[in-house]
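Per-entry structural report
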Amino acid sequence: MTCSRLSSVSFGLMWFCLLLLPAFMVCASASLVTLFFIDRHLAWSAFHVLWLVNVVTYVFITSFALLIDPQTARRTWREALLFPGAVNVVILLAAVLPGPLSLLARTLLSAVGVPVSSGLIQGVELFTYIWLAACMGVAYLGKVAESRRLGWLTGPLFVYVGGYGPLLCAVTAAAYLKELRHADARWEKTEKTGKVVAAT
């Protein structure tokens, strides 16, 4: 008798990781913000380790996904690279190349006349800690903006900035809230008419 893959340990780990990802993102963000006010240097070290793990995961999954179907990859490589969101990609690069990106940021800020102070650096650090949870909300604005005026422009913009991955987490979090509110679950039934439509 063979055991179904749905009951395997690997499937269980994958399922619970996806299920709990919104909670993990919010808890990680809250923990880093709390740690920032307790011990700023320890918070930065923890943040750096967290994002280095994210870099390895991001590179592995993105490369693997693009290599599976090269024909589709040639058309969708931009979407694959921006799956975490434009801001998260910059943070991933900062985790790998902190020196060069810090120098670039200082040069750009000096060029526009913004002084680089310790307060500004602390503000950027705090923003990156908060962003870990906030990107879900930004990405979800893409879904909300879709049905609004200029939604064709603002919807994708929010998703590309916040990230498609965070959007999936936001949708999961919204499902949690609906479940807690005991929202009415409806099954959209497809009616079979028996008609055959020829493809053009």
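Residues numbered from 1 in each chain as written. Predicted model: local features only at pLDDT ≥ 70, side-chain atom pairs only at ≥ 80, totals over all residues. Heavy atoms only, no water.

Take the packing of aromatic side chains next. Within the structure shown, the criterion is met by eight aromatic pairs. Their ring planes at 50 degrees and their centres at 5.9 Å tell us that Phe47 and Trp51 sit as a pair that is tilted. Of this pair, Phe47 and Trp51 both sit in helix H2 (residues 40–68), four residues apart, which is roughly one turn of the helix. Of the two residues, Phe47 and Trp51, both sit in the buried class. An aromatic cluster is present here, built from Phe36, Phe37, Trp44, Phe47, Trp51 and Tyr129 joined pairwise through their rings. (Phe/Tyr/Trp six-rings, centres within 6.5 Å; stacked < 30°, edge-to-face > 60°. Helix = DSSP H or I, 4+ residues; strand = E, 2+ residues; numbered from the N terminus. Buried < 20%, exposed > 50% of the residue type's maximum accessible area, 1.4 Å probe, protein only.)

For the rest of this paragraph, the subject is the nonpolar core. If you look at the biggest cluster of nonpolar residues, it comprises 21 residues, and the most contacted ones within it are Phe47, Trp51 and Tyr129. Listed by contribution, the elements that provide at least two residues to this core are helix H1 (9–38), H2, helix H4 (86–96), helix H6 (118–145) and helix H8 (164–180). Tallying contributions element by element places H6 first for this core, with six residues. Dropping the residues within four chain positions of it, Trp51 is found in contact with Asn88, Ile91, Leu92, Ala95 and Leu132. (Core = buried A, V, L, I, M, F, W, Y, C linked by side-chain atoms within 4.5 Å. Contact = heavy atoms within 4.5 Å.)

This part takes up the packing of H4 against H6. Axis separation between H4 and H6 bottoms out at 11 Å; the angle between their running directions is 140 degrees. By the criterion of interaxial angle, the relationship of H4 to H6 is oblique. Our pair here, H4 against H6, has a crossing hand that is left-handed. The segment H4 lies against H6, with Val87, Asn88 and Ile91 engaging Phe127, Thr128, Trp131 and Cys135. Counted by class, the contact of H4 with H6 contains five nonpolar, two polar and no charged residues. (Axes fitted to C-alpha atoms, helices over the stretch in contact; angles between N-to-C directions. Parallel < 35°, antiparallel > 145°, perpendicular 65-115°, else oblique. Left-handed = near helix turned anticlockwise from the far one by under 90°. Nonpolar A, V, L, I, M, F, W, Y, C, P; charged D, E, K, R; others polar.)

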